[in-house]
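Listed below, chain by chain, are the residues.
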Amino acid sequence: MRIPSLDQTVRYDLEQLPPRQSSSTDTMDFALAAIHEALADGWEFPHGAVCTSTTEIVMQAGCSSSTAFCVAWVMVLAKLAGTLGEVSDPLKLAQLAHKAEVLHFGAPVGTMDHVTIALGGSCLRRGPGMWEVERLNPLLTEDGVWVL
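Only a predicted model underlies this, so the values are computations on that prediction, with no experimental measurement involved.

Chemist: What's the story with the nonpolar core in this structure? I'm lost.
Modeler: One recurring pattern in soluble globular proteins is that nonpolar side chains are buried together. Ranked by size, the top nonpolar core spans 26 residues in total, and within it Trp43, Trp73, Val74, Leu77 and Val87 carry the most contacts. Sequence-distant contacts of Trp43, that is, excluding residues within four places in its chain, are made with Ala38, Val74, Leu77, Ala78, Ala81, Thr83, Glu86, Val87 and Leu96.

Chemist: Explain the pattern of salt bridges to me, please; I cannot follow it from the model alone.
Modeler: Think of it this way: side chains of opposite charge can pair up when their charged atoms draw near. Considering all chains together, one arrives at three salt bridges under this definition. Its salt-bridge partner being Lys99, residue Glu37 comes within 3.8 Å of it at the nearest N-O pair. Here Lys99 lies in helix 3 (residues 90–101) and Glu37 lies in helix 1 (residues 30–40), a separation of 62 residues in the sequence. The exposure class of Lys99 is partly exposed, given its relative accessible area of 26%. For Lys99, the salt bridge goes to Asp41, with nearest N and O atoms at 3.0 Å. Taken together, the positions of Lys99 in helix 3 and Asp41 in the loop between helix 1 and helix 2 (65–81) put the pair 58 residues apart, joining distant regions of the chain. Shared partners join several salt bridges into a network, and the residues in it are Arg20, Glu37, Asp41 and Lys99.

Chemist: Would you explain the packing of aromatic side chains in this entry?
Modeler: For any pair of aromatic rings, geometry is given as the distance between the ring centres together with the angle between the planes. Under the defined criterion, the tally for this structure stands at two aromatic pairs. Summarising the aromatic geometry, the rings of Phe30 and Phe105 are spaced 5.6 Å apart at their centres and angled 85° between planes, so their arrangement reads as edge-to-face. Taken together, the residues span a long stretch of sequence, with Phe30 in helix 1 and Phe105 in the loop between helix 3 and helix 4 (112–119) at a distance of 75 residues. This pair shows no difference in class: Phe30 is buried, exactly as Phe105 is.

Chemist: Explanation requested: empty space enclosed by the protein in the structure shown.
Modeler: The gaps left among the atoms become clear once a water-sized probe is rolled over them. Counting across every chain of the model gives one cavity of 30 Å³ or more. Empty space within the largest cavity amounts to approximately 70 Å³. Around the largest cavity, the lining residues are Ala34, Glu37, Ala38, Asp41, Trp43, Val74, Leu77, Leu96 and Lys99. At the level of secondary structure, the elements contributing two or more residues to the lining of the largest cavity comprise helix 1, helix 2 and helix 3.

Chemist: In this structure, what is going on with helix 2? I would like to understand it.
Modeler: Residues lying three or four places apart along an α-helix face the same way, a consequence of the helix completing one turn every 3.6 residues. With 17 residues, helix 2 should reach 24 Å at 1.5 Å per residue; the first-to-last C-alpha distance of 24 Å fits that figure. Taken as a whole, helix 2 has its buried residues at Ser65, Ser66, Thr67, Phe69, Cys70, Val71, Trp73, Val74, Leu77, Ala78 and Ala81. Where helix 2 is buried, its residues meet helix 1, helix 3 and helix 4. Looking one or two residues past helix 2, Gly82 carries a phi angle of roughly 75°, positive in sign.

What counts, and at which threshold
- Residues numbered from 1 in each chain as written.
- Predicted model: local features only at pLDDT ≥ 70, side-chain atom pairs only at ≥ 80, totals over all residues.
- Heavy atoms only, no water.
- Core = buried A, V, L, I, M, F, W, Y, C linked by side-chain atoms within 4.5 Å.
- Buried < 20%, exposed > 50% of the residue type's maximum accessible area, 1.4 Å probe, protein only.
- Contact = heavy atoms within 4.5 Å.
- Salt bridge = Lys/Arg side-chain N within 4 Å of Asp/Glu carboxyl O.
- Helix = DSSP H or I, 4+ residues; strand = E, 2+ residues; numbered from the N terminus.
- Phe/Tyr/Trp six-rings, centres within 6.5 Å; stacked < 30°, edge-to-face > 60°.
- 1 Å grid on protein atoms, 1.4 Å probe; cavity = no way out; pocket = protein on both sides within 12 Å on 5 of 7 lines; lining within 4 Å.
- Points joined across faces, edges and corners; volume = space filled by probe spheres on them.
- Expected span 1.5 Å × (residues − 1).

The structure is reproduced here in structure tokens:
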């Protein structure tokens, strides 16, 4: 994932996109992967856009930051393509984000993080024979900070 706050800026011309990446790629670009997947699904982008993503979360910190990025980015792409209605269902949104972050690169990873983030404010727990959604009420510090 490339993040401008780490002194990295990436511009994509939809007419001349870089090729699809694979799991053997050193730096997996989830933004590019989501664009490829959206185009493969028939989404069209009639207008250009300039998008900036910044974060203070350390990459590969084990807190699903790349998944949160993918979920948000798929929503941005849906808005730009006029297909926001297609991702209004959180499970559909999770599925599309999972496709861009995981299946695109051939990684054998499940969808729990994608579903949890797309639902927002929740946690998935394995129940008898199925997944159960538990709504969370995170405790905040006096400064409004939630500690992971």
